[in-house]
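Read off the chains here:
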Amino acid sequence: MNSPVRAFNAVGGTPRFIRSAAGAWLTDVDGNEYVDLICSWGPMLLGHAHPEVIAAVQDAVTRGTSYGTPTVPEVELAEEIVSRTPIEKVRFVSSGTEATMSAIRLARGFTGRDLVIKFAGCYHGHVDSLLAAAGSGLATLRDTTEVDTHSVSSTPGVPQGFVDQTLVLPYNHPEAIRAAFAEHGDRIACVITEAAPGNMGIVPPGQFEGRSFNALLSELCRESGALFISDEVMTGFRASKQGQWGLDGALEGWRPDLVTFGKVMGGGFPAAAFGGRADVMSRLSPEGPVYQAGTLSGNPVATTAGLATLRLATDDVYAHITAAGETIKAAAADALTAAGVPHRIQSTGTMFSVFFRDGEVRDFEDANAQSLPSYTAFFHAMLDAGVYLPPSAYETWFLSSAHDDRAVQTVLDALPGAARAAATADTGQTTKGMR
Ligand SMILES: *Cc1c(COP(=O)(O)O)cnc(C)c1O
C-alpha cells in the first residue's frame, strides 16, 4: 500500500489490485469489474484511458519524457489554468502536498509572519505543519472555540516547534476565526482551507451574514495583512469548470491571494500547481527570494495530459457529471430511507458525499458523529455488487463524464441491497477521529 487511503483498514477486508481501467470501469487482477466511484480520488474527470488524453500522452512520450528546461506545454497549461481561475501567475509542482507546502512557505516569506491557521477535518496533503493539531503554545485560544482542537489526529515525526506554528479551528465557525484574528492577528501569515472541504465528506462553506465562509476568511485576511490560501487540489476543475471559486468567489466578487491545484489538472499524472496574486507570486525564486524548485516540475508528459484533460473538460462534461450525480444521490436517499438508515447527502457543485447520520454536517465534529458499522456493511455490499466506493465514510464519491447509463444503472441496482445491509449492521458505536 503506497498511500493509506487505499487500505481497507476502516472497512476491513482486502483492497482489490487493479490491473486496468477504461471509462467508468476498473478491472482487478482476478478479472472482476467494478464501477469506479473513486476515480483515483478525483483526477479522472473524463474517466479512465480517455482516447484523446492517451493519444496526446503517447505523442508527448515519443519526444522524450523530461528535459529540465522550459517547455511549451507548461506555458499552455498555465494559460488554460489562469483563464479559468482567479490567479494571475502559476507555478507547477508534482503533487498537491508540494503545492500547499510551497504556498505556505511563500505566504510566510511574503508576510514575514509564521502562524498558519487551518481547519479541523481539512486535509492539505502530508505537509508537516498541516498535519499538526494546535499545540500548547496556542492553548489559550481553545477556550474560545467550541471544538477541542486536539480532535485532529497528529502524527509522530512532526517537531513540536512546527505544531506550535499551526492553529487548528473548527470549520464554519465565524466566532472562532474572529477570536483567532483578535488574539494573534499580527502574527498570522495565512489561513489555508479546502475551498469546500471534501476530505471529511463534503462540507460546503456556510452562509454568514449574506456571504460565504470563504468570503469571510478572505475579508479577515485582508484586514489583518494575512494571505488567504484556497486549497482547490480536490475541487479545482471538478466542483465546477472554475472549481469551488466558480460557485462562490466568482459570484461574490472576491479572489483568494493564493490557490493550490492538483488532481484533475494532472489528468492522471503527477502534476499540481499553486498560483495567485502577481505581487505575491513574484516573491518566488528566481524573481524573488523565496526558494522553491523541482526536477520534474512542469514535466512535459504530465502537463500534456493535464492540458488535454482541461481542454476536454467543457460545460457538457460538468453537466453530465452533475446529472449522473443527481440520479445517484436520489437513488441513494431513496434506498437508505426505505431501509431506515440515518443518512445525510451533501454537495458542492458536481461533488457529493453520503454521511451515515441524520442532520446537517457543518464541521469535523459533526462528520465524526456518523455510524462506521453502517458504512462498512454498505461499502462491502456495494463492492460485492460491482461498485468500488472509497473505503472510508469520510470521502467524496467521484464520478466522471464516462459514467454512462450502464455504469449508473449498476450503481442504482446495487443501492437497495447495500442499504438493507447497512440497516442490519450493529450501529451501536460511532466513529471517532478517522484522520
Ligand atoms: C489530495 C489533496 C491534497 C494532497 O494532494 P497530493 O497530490 O495527494 O499530495 C491536498 N489538498 C487537498 C484538498 C486534497 O484533496
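Structure first, text after, so check above.
Attention here is on the structure that accompanies the text. Once a new chain begins, its residue numbering starts again from 1 and follows that chain's sequence as written. A pLDDT threshold of at least 70 governs which residues receive local features in this predicted model, and a stricter bar of 80 or more applies before side-chain atom pairs are shown or counted, although totals over entire chains, interfaces and linings include all residues. In computing side-chain properties, one takes all heavy atoms of the structure into account and sets aside hydrogens as well as water.

**Concerning the packing of aromatic side chains**
Then step 1. Between 30 and 60 degrees the pair is tilted, below 30 it is stacked and above 60 it is edge-to-face, where a pair is any two Phe, Tyr or Trp rings, Trp via its six-membered ring, whose centres lie within 6.5 Å. Tallied over the full model, the rule gives 15 aromatic pairs.
Then step 2. Ring centres of Y171 and F213 lie 5.0 Å apart, and the angle between their planes is 80 degrees; on these two criteria the pair is classed as edge-to-face. Here F213 lies in helix α7 (residues 213–224) and Y171 lies in the loop between β6 (166–169) and α6 (174–184), a separation of 42 residues in the sequence.
Then step 3. Any residue under 20% of the maximum accessible area for its type is buried, any over 50% is exposed, and the rest in between are partly exposed; the area is computed with a 1.4 Å probe on protein chains only. For Y171, a relative accessible area of 0% translates into the label buried.
Then step 4. Consider the rings of F237 and F261, whose centres lie 5.2 Å apart with planes at 35 degrees: the pair is tilted. With F237 in the loop between β10 (227–231) and α8 (249–252) and F261 in strand β11 (residues 258–261), the pair connects residues that are 24 residues apart, well separated along the chain. Of the two residues examined, F237 and F261, each falls in the buried class.
Then step 5. Grouped by ring-pair contacts, the aromatic residues F8, Y34, F352, F356, Y375, F378, F379, Y388 and W397 constitute a single cluster. The secondary structure listing takes helices from DSSP runs of H or I that are at least 4 residues long and strands from runs of E that are at least 2 residues long, numbered from the N terminus.

**So, the sheet that holds strand β3 (residues 33–36)**
Then step 1. Strands were regarded as paired on the criterion that DSSP finds at least two bridges between them. Strand order in the open sheet formed by 4 strands is β1-β2-β3-β15, and the pairing between neighbours is mixed. Strands at the two margins of the open sheet, each flanked by one partner only, are β1 (18–22) and β15 (387–388).
Then step 2. Where β3 and β15 come together, 2 bridges link them in parallel fashion. Looking at the pairing, D36 lines up with Y388 of β15.

**Concerning helix α1 (residues 51–61)**
Then step 1. Among all positions of α1, only V53, V57 and A60 are buried. Viewed along the axis of α1, the buried residues span an arc of 60 degrees, placing them on a single side of the element. Away from the buried face of α1 by more than 90 degrees, exposed residues P51, E52 and Q58 are located.
Then step 2. We call two residues in contact when some of their heavy atoms are within 4.5 Å. Tucked inside the fold, the buried residues of α1 contact α10 (300–312). Here the arc refers to the set of directions running from the helix axis out to each C-beta atom.

**Focus on the site of the ligand**
Then step 1. What surrounds the ligand is the set S95, G96, T97, Y123, H124, G125, E194, N199, D231, V233, M234 and K263.
Then step 2. The contact in question runs from an oxygen atom of the ligand to an N or O atom on the side chain of T97, over 2.6 Å.
Then step 3. In the analysis that follows, any N or O atom pair within 3.5 Å is treated as a polar contact, provided that within protein one partner can donate a hydrogen and the other can accept it, and provided that, for residues neighboring in sequence, both atoms belong to side chains. With respect to the ligand, the backbone of Y123 contributes an N or O atom lying 3.3 Å from a nitrogen atom.
Then step 4. Residues were grouped as follows: Ala, Val, Leu, Ile, Met, Phe, Trp, Tyr, Cys and Pro as nonpolar; Asp, Glu, Lys and Arg as charged; and all remaining residues, including Gly, as polar. Residue composition of the shell around the ligand, grouped by class: 3 nonpolar, 6 polar and 3 charged. In these notes, residues near a molecule or strand are those with any non-hydrogen atom within 4 Å of it.

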